[in-house]
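Summary of the model geometry
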Protein chains: 2
Amino acid sequence: MAKTDTRIQKKNQATIMQAGLEVFSQFGFRGSTLDQIAKAAGMSKPNLLYYFKSKEAVYTALLARLLENWLEPLKAIDRDGDPVEQLLGYANRKLDMSRNFPRESRLFANEIIQGAPRIGDVLKGELKDLVDEIAVVINGWAAAGRIKPVDPYHLIFTIWSLTQHYADFDVQVRAILGGVDPFEGAQSHLDMTLRGLLQPT
Amino acid sequence: MAKTDTRIQKKNQATIMQAGLEVFSQFGFRGSTLDQIAKAAGMSKPNLLYYFKSKEAVYTALLARLLENWLEPLKAIDRDGDPVEQLLGYANRKLDMSRNFPRESRLFANEIIQGAPRIGDVLKGELKDLVDEIAVVINGWAAAGRIKPVDPYHLIFTIWSLTQHYADFDVQVRAILGGVDPFEGAQSHLDMTLRGLLQPT
DNA sequence: CGTGGGTTTGACCGATTGGTCAAATAATGC
DNA sequence: GCATTATTTGACCAATCGGTCAAACCCACG
């Protein structure tokens, strides 16, 4: 029953989620309409609802998939690696995600700005636990003198904001840079910022 | 004709803009409804439309007021002052705005994320000109060895993202910090980050 | 007072919203 | 080939959307 996903089912579900990502990331949940998503997916509204039982179902499916990819880089930090290398590697991975998946970043940003009504529990649960754990590691690094003493939580916020900014505020960044590719200079500037903050003198 | 704004007119216009800020900053333009705003303003929908001729009029009035306050701190940078002091002062002013006017920040964030359909011209015009001008000043500071050599544009983006993050992602920040006040540690961490990036060795 | 302006709102409008349903169509297994 | 199932959609629904309008209200000022 649950395993009978046809080729065509998989394809249409993927198409719908792609279309939903496009629309939701631009207008947020309440600002998006099923007609918009159906049109972007190239199918009729009833056909869309044949695969997802509601607008909310499309949205939560997108959020669920997103959260997996979102937490992954944080988990990938090597607690036994070189501190500066690990933290810069994490930041660069996040920056790559902003470059390659800007719509996912904006979908997430929209959800948070609107008060995270659907993922507040994840933030206070899984995400907080993960950050708490990393914070202990970072505090250990600082205590050992391997990085400068920093507040680990605000360090994490710093990395998040610096990287996601290029996806979420893409329009503004490009308006100011003119024709220059934002990600060209972003990476080296990000590295420089974090090195200045972390590297022991 | 244009000067006959009664006491009650001023009061109701202010009430409506307050309510509009509350609603728009949470749901964006398309996700907000006139009924919501009218209810938040404690008046009927036709009464609201007696003071603003459309939903769009409320929104653009809010954006116009916002943009003034938004550009002001950037203009206030003293081109002849101490570089590090001026840049840290600017960052701290922006952080104060995130603390004291988080809804304004989220209103702006919503508009940008959604592609800035109503203020794209301001971004590419007035804002870009202002940033270009500051960039020249910063490059001058760097050339004189008064700050480390940095890309002035990405430096500005850094300040924007670091400060606005605390308003725009407030829910996430508080979810992770638990009961701790975010702005407690934010300011010193921000200062440390920028000093590490700017201060010549 | 009372009257003329500014103010407020209930009722309503056409358009759009999320979602349903029965019927038509396409694919699949035998 | 044919029947069965999966897929697709036009037509439709109640609710909500932004906005209108005429009538009621209120409040100064003579």
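Before any of the text, the structure's been laid out above.
Starting afresh in each chain, residues are numbered from 1 along the sequence in its written order. To read the labels, note that chains go from A and ligands from 1, taken in the order they are written. Thresholds applied to this predicted model are a pLDDT of at least 70 for local features of residues and 80 or more for the giving and counting of side-chain atom pairs; totals over whole chains, interfaces and linings are not thresholded and use all residues. Side-chain measures here rest on the full set of heavy atoms in the structure, leaving out hydrogens and waters.

1. Side note on the interface of chain B and chain A
Taken together, the contact pairs 52 residues of chain B with 52 residues of chain A. As used here, buried area is the combined drop in accessible area, with a 1.4 Å probe, of two parts when they are placed together. Of the roughly 4700 Å² buried between chain B and chain A on both sides combined, carbon and sulfur atoms contribute 69%. Together, Arg30(B), Ile113(B) and Ile176(B) form the three largest contributors to the area buried by chain B at its contact with chain A, with a combined 16%. Salt bridges, as used here, are contacts in which a Lys or Arg side-chain nitrogen is within 4 Å of a carboxyl oxygen on Asp or Glu. Here chain B and chain A share zero salt bridges between them. Each polar contact in these results corresponds to two N or O atoms within 3.5 Å; when the atoms are within protein, one needs to be able to donate a hydrogen and the other to accept it, and residues that are neighboring in sequence are counted only if both atoms are side-chain atoms. Connecting chain B to chain A are 12 residue pairs in polar contact (both at pLDDT 80 or more). Each helix corresponds to a stretch of at least 4 residues labelled H or I by DSSP, and each strand to a stretch of at least 2 residues labelled E; elements are numbered beginning at the N terminus. Ranked by residues supplied to the side of chain B that touches chain A, first place goes to helix α8 (residues 152-168) of chain B with 12 residues. Residues are grouped as follows: Ala, Val, Leu, Ile, Met, Phe, Trp, Tyr, Cys and Pro are nonpolar; Asp, Glu, Lys and Arg are charged; all remaining types, including Gly, are polar. By residue class, the composition of the side of chain B that touches chain A is 27 nonpolar, 18 polar and seven charged. Any two residues having at least one pair of non-hydrogen atoms within 4.5 Å are treated as being in contact.

2. As for the nonpolar core
Counting residues in hydrophobic clusters, the biggest one holds 140 residues, and the most contacted among them are Leu74(A) and Leu74(B). The contacts of Leu74(A), once residues within four sequence positions are left out, are Arg79(A), Tyr90(A), Leu127(A), Leu130(A), Val131(A), Ile134(A), Ile156(A) and Trp160(A). To form a nonpolar core, buried Ala, Val, Leu, Ile, Met, Phe, Trp, Tyr and Cys residues must be joined to one another through side-chain atoms within 4.5 Å. Burial here depends on accessible area, computed with a 1.4 Å probe over protein chains only, as a share of the maximum for the residue type. Under 20% is buried, over 50% is exposed, and the range in between is partly exposed.

3. What about the packing of aromatic side chains?
Each Phe, Tyr or Trp ring, with Trp reduced to its six-membered ring, pairs with another whose centre is within 6.5 Å; inter-plane angles below 30 degrees give stacked pairs, above 60 give edge-to-face pairs, and intermediate values give tilted ones. Scanning the entire structure with this criterion turns up 16 aromatic pairs over all chains. Note on Phe24(A) and Phe29(A): the rings are 5.9 Å apart at their centroids and 20 degrees apart in plane angle, and the pair reads as stacked. Each member of the pair, Phe24(A) as well as Phe29(A), is classed as buried. For the pair Phe157(A) and Tyr166(B), a centre-to-centre distance of 6.1 Å together with 90 degrees between the ring planes defines the contact as edge-to-face. Placement of the pair is Phe157(A) in helix α8 (residues 152-168) and Tyr166(B) in helix α8, with the two residues belonging to separate chains. Tyr166(B) sits in the buried class, given a relative accessible area of 6%.

4. Digging into the pattern of salt bridges
All names here are of chain A. Scanning all chains against the criterion turns up 17 salt bridges over all chains. A salt bridge links Arg103 to Glu22; the nearest nitrogen and oxygen atoms lie 2.5 Å apart. Within this pair, whereas Arg103 is found in helix α6 (residues 102-113), its partner Glu22 is found in helix α1 (residues 7-31), the two being separated by 81 residues in sequence. On the basis of relative accessible area, Arg103 is assigned to the partly exposed category, the value being 24%. The exposure class of Glu22 is partly exposed, given its relative accessible area of 34%. Between Glu111 and Arg118 there is a salt bridge; the shortest N-O distance is 3.9 Å. Each member of the salt-bridge network shares a partner with another, and the members are Glu56, Glu111 and Arg118.

5. Here we look at the packing of helix α4 (residues 55-75) of chain B against helix α5 (residues 83-100) of chain B
Angle between the axes and distance between the axes are the two parameters that describe a pair of packed helices. Residue and element names in this part refer to chain B. Two elements in contact, α4 and α5, have axes separated by 9 Å at closest approach and are oriented at 160 degrees. Classified by the angle between their axes, α4 and α5 sit roughly antiparallel to one another. As α4 runs across α5, the sense of the crossing is right-handed. Contacts from Asn69, Trp70, Pro73 and Leu74 of α4 reach α5 at Tyr90, Arg93, Lys94 and Met97. Among the residues forming the contact of α4 with α5, the class breakdown is five nonpolar, one polar and two charged. Lines fitted to C-alpha atoms define the axes here, with helix axes fitted over just the stretch in contact, and angles between the N-to-C directions of these axes take values from 0 to 180 degrees. Roughly parallel covers angles under 35 degrees, roughly antiparallel covers those over 145, roughly perpendicular covers 65 to 115, and oblique covers all other angles. Left-handed describes a crossing in which the near helix is turned anticlockwise from the far one by less than a right angle; the clockwise case is right-handed.

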